[in-house]
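# Structural characterization, general
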Amino acid sequence: MAATRPAVIALTALAPVSWGSTYAVTTELLPPDRPLFTGLMRALPAGLVLLALARVLPRGAWWGKAAVLGVLNIGAFFPLLFLAAYRMPGGMAAVVGSLGPLLVVGLSALLLGQRPTARSVLTGVVAAFGVSLVVLEAAGGLDPLGVLAAVASTASMSTGTVLAGRWGRPDGVGPLALTAWQLTAGGLLLAPLALLVEGAPPALDGPAVGGYLYLALANTALAYWLWFRGIGRLSATQVTFLGPLSPLTAAVIGWAALGEALGPVQLMGMALAFGATLAGQRAPRGRTVAAAEPFGSASKNGRKDSMDLMSPALRR
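Residues numbered from 1 in each chain as written. Predicted model: local features only at pLDDT ≥ 70, side-chain atom pairs only at ≥ 80, totals over all residues. Heavy atoms only, no water.

This part is about the overall build of the protein. Scanning the protein from terminus to terminus reveals 15 helices and zero strands. A separation of at least 24 residues holds for 91% of the contacts in the protein among residues at least 6 apart in sequence. When the accessible surface of the protein is summed, it comes to about 13,600 Å², and 71% of that surface belongs to carbon and sulfur atoms. (Helix = DSSP H or I, 4+ residues; strand = E, 2+ residues; numbered from the N terminus. Contact = heavy atoms within 4.5 Å. Areas by Shrake-Rupley, 256 points an atom, 1.4 Å probe, with all protein chains shown as cover.)

A word on the packing of helix α1 (residues 6-19) against helix α13 (residues 245-257). At a minimum axis distance of 7 Å, the contact between α1 and α13 shows a crossing angle of 45 degrees. Judged by the angle between their axes, α1 and α13 are oblique. The two elements α1 and α13 meet at a crossing, and its hand is right-handed. Every residue of α13 that contacts α1 at Ala-13, Pro-16, Val-17 and Trp-19 is listed here: Leu-245, Ser-246 and Thr-249. Tallied by class, the residues present in the contact of α1 with α13 amount to five nonpolar, two polar and no charged. (Axes fitted to C-alpha atoms, helices over the stretch in contact; angles between N-to-C directions. Parallel < 35°, antiparallel > 145°, perpendicular 65-115°, else oblique. Left-handed = near helix turned anticlockwise from the far one by under 90°. Nonpolar A, V, L, I, M, F, W, Y, C, P; charged D, E, K, R; others polar.)

What follows concerns α1. For α1, which comprises 14 residues, the first-to-last C-alpha distance of 21 Å matches the rise-based estimate of 20 Å (1.5 Å per residue) to within 8%. If you check which residues of α1 are buried, you get Val-8, Ile-9, Thr-12, Ala-13, Ala-15, Pro-16, Ser-18 and Trp-19. Buried-residue contacts for α1 involve α2 (22-29), α3 (35-54), α9 (144-167), α11 (206-231), α12 (236-240) and α13. (Expected span 1.5 Å × (residues − 1). Buried < 20%, exposed > 50% of the residue type's maximum accessible area, 1.4 Å probe, protein only.)

So, about the environment of Gly-70. You can see Gly-70 is positioned in helix α4 (residues 62-75). With a relative accessible area of 0%, Gly-70 lands in the buried category. Placed 116 residues apart in sequence, Gly-70 and Gly-186 show a C-alpha to C-alpha distance of 4.6 Å.

The next subject is the side chain of Arg-169. Assignment of secondary structure puts Arg-169 in the loop between α9 and α10 (175-198). Of the side chains bearing the opposite charge, Asp-171 lies closest to the buried Arg-169, which forms no salt bridge; the N-O distance is 8.6 Å. A polar contact of 2.9 Å, which involves the side chain of Arg-169, links it to the backbone oxygen of Val-173. (Lys, Arg positive; Asp, Glu negative; His and termini not counted. Salt bridge = Lys/Arg side-chain N within 4 Å of Asp/Glu carboxyl O. Polar contact = N/O pair within 3.5 Å; in protein donor to acceptor, adjacent residues only side chain to side chain.)

Trp-19, Phe-78, Trp-181, Tyr-224 and Trp-227 are the most contacted members of the largest nonpolar core, which totals 52 residues. Counting residues per element, this core draws most heavily on α11, which supplies eight residues. Once residues lying within four places of it in the same chain are set aside, the contact partners of Tyr-224 are Trp-19, Arg-42, Asn-73, Ile-74, Phe-77, Phe-78, Met-157, Thr-179 and Asn-219. If you look at the next biggest cluster of nonpolar residues, it comprises six residues, including Val-134, Leu-248, Met-270 and Ala-273. (Core = buried A, V, L, I, M, F, W, Y, C linked by side-chain atoms within 4.5 Å.)

Next up on the list: unusual backbone geometry. Positive phi outside glycine occurs at Asp-33, with the angle close to 55 degrees. By the secondary structure assignment, Asp-33 is in the loop between α2 and α3. You can call Asp-33 exposed: its relative accessible area is 57%. Of note, Arg-55 is a non-glycine position whose phi angle comes to about 55 degrees, a positive value. Examined against the element boundaries, Arg-55 turns out to sit in the loop between α3 and α4.

Another point: the side chain of Ser-158. When you line up the elements, Ser-158 lands in helix α9. In this structure Ser-158 comes out as buried when scored by relative accessible area, which is 5%. Sequence-distant contacts of Ser-158, that is, excluding residues within four places in its chain, are made with Gly-100, Leu-103, Val-104 and Leu-107.

On to α9. Here α9 spans 34 Å end to end across 24 residues, near enough to the 34 Å set by a 1.5 Å rise per residue. Two residues or fewer past α9, Gly-168 is found with a positive phi of approximately 65 degrees.

Quick look at the confidence of the model for the protein now. Here the protein shows a mean pLDDT of 79. Residues at 70 or above account for 81%. Below pLDDT 50 for its whole length, residues 286-316 participates in 65 contacts with residues either more than four positions away or in separate chains. (pLDDT = per-residue confidence, 0-100.)

Side chains of Val-49, Leu-53, Leu-204, Val-209, Leu-213 and Leu-217 sit close together on the surface and give an oily, nonpolar patch of about 510 Å² of accessible area. Of all the elements in the fold, those that place two or more residues in the nonpolar patch are α3 and α11. Inspection of the secondary structure puts Val-209 in helix α11. (Patch = residues over 30% accessible without salt bridge, like charges linked within 9 Å, V, L, I, M, F, W, Y side chains within 5 Å.)

Tallied over the entire structure, the rule returns seven aromatic pairs. Summarising the aromatic geometry, the rings of Phe-78 and Tyr-224 are spaced 5.7 Å apart at their centres and angled 70 degrees between planes, so their arrangement reads as edge-to-face. With a gap of 146 residues between them, Phe-78 in helix α5 (residues 77-87) and Tyr-224 in helix α11 connect regions that are remote in the sequence. Looking at Phe-78, the relative accessible area reads 0%, which means it is buried. Centre to centre, the rings of Tyr-224 and Phe-228 are 5.8 Å apart; their planes meet at 40 degrees, and the pair counts as tilted. In this pair, Tyr-224 and Phe-228 both sit in helix α11, four residues apart, roughly one turn of the helix. (Phe/Tyr/Trp six-rings, centres within 6.5 Å; stacked < 30°, edge-to-face > 60°.)

Counting through the fold element by element, Val-173 comes out in the loop between α9 and α10. Its relative accessible area of 7% is what places Val-173 among the buried residues. Each C-alpha atom, one on Val-173 and one on Pro-58, is 9.1 Å from the other, the two residues being 115 residues apart in sequence. Not counting chain neighbours up to four residues away, the residues in contact with Val-173 comprise Val-56, Arg-59, Leu-178 and Trp-181.

Below, the structure is given as structure tokens:
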């Protein structure tokens, strides 16, 4: 499958490549200690822009599905991600995030009936090990709250990726609308939380305004459209194995723009993680190929348009 879809894989890969710049933008340009406000500014403007372009609202059960996906992929993921970025070195947070493929492999077995293969587990381990070699050398001490936030953000995004694959899209609705629904739902969730927990918005200087514009438009609206478009055409496992490209991009940005060093160990780790990313794009063989078919609309994949998670595959 993957061999026939190089363009889809390449376009989907642009999303984690863009996300690799998040830590640098957060630490260098944005106001400190505002994870909820930063998540809000990243999600809601992007969601409203895409919603105006799509001009489609959810119908029926999709109001609930969009809300669930919006919470998992946006409303919970964004503030947890920024909390981890504020409280711990980006390298350590990246290592925790690199465990996402392994979480998706396990969740795909539970929610999608895709039996894990030794190759997928080994590929996930190699990817996480490669990322750790790249980013851990100067990671510094551990902050318990930061570690917890990083783990929770990875689990939230992994669950949202698998559920997005399981539910597909309503008939006649494209990835632009699906992305708009999730970003808007997540942003609306964050708005009152940011006001209650963090108070009034901080004063923004020019760099902060530029940073928020970049995060909202390129890093979120465009990147998430590409990501959910990829989920509609590839398996959840294939999509999530593109995730290590994010910390690899962050390492390259740190080397090129922030003067951080890349030694032989880091270069070897980058090669391992990139090799695991490529290996993760190979479609499973044998019985599991059918389970790994791309997700489109629910009816095209022979699934009921409901929120029932207890399919026969789950009851096995």
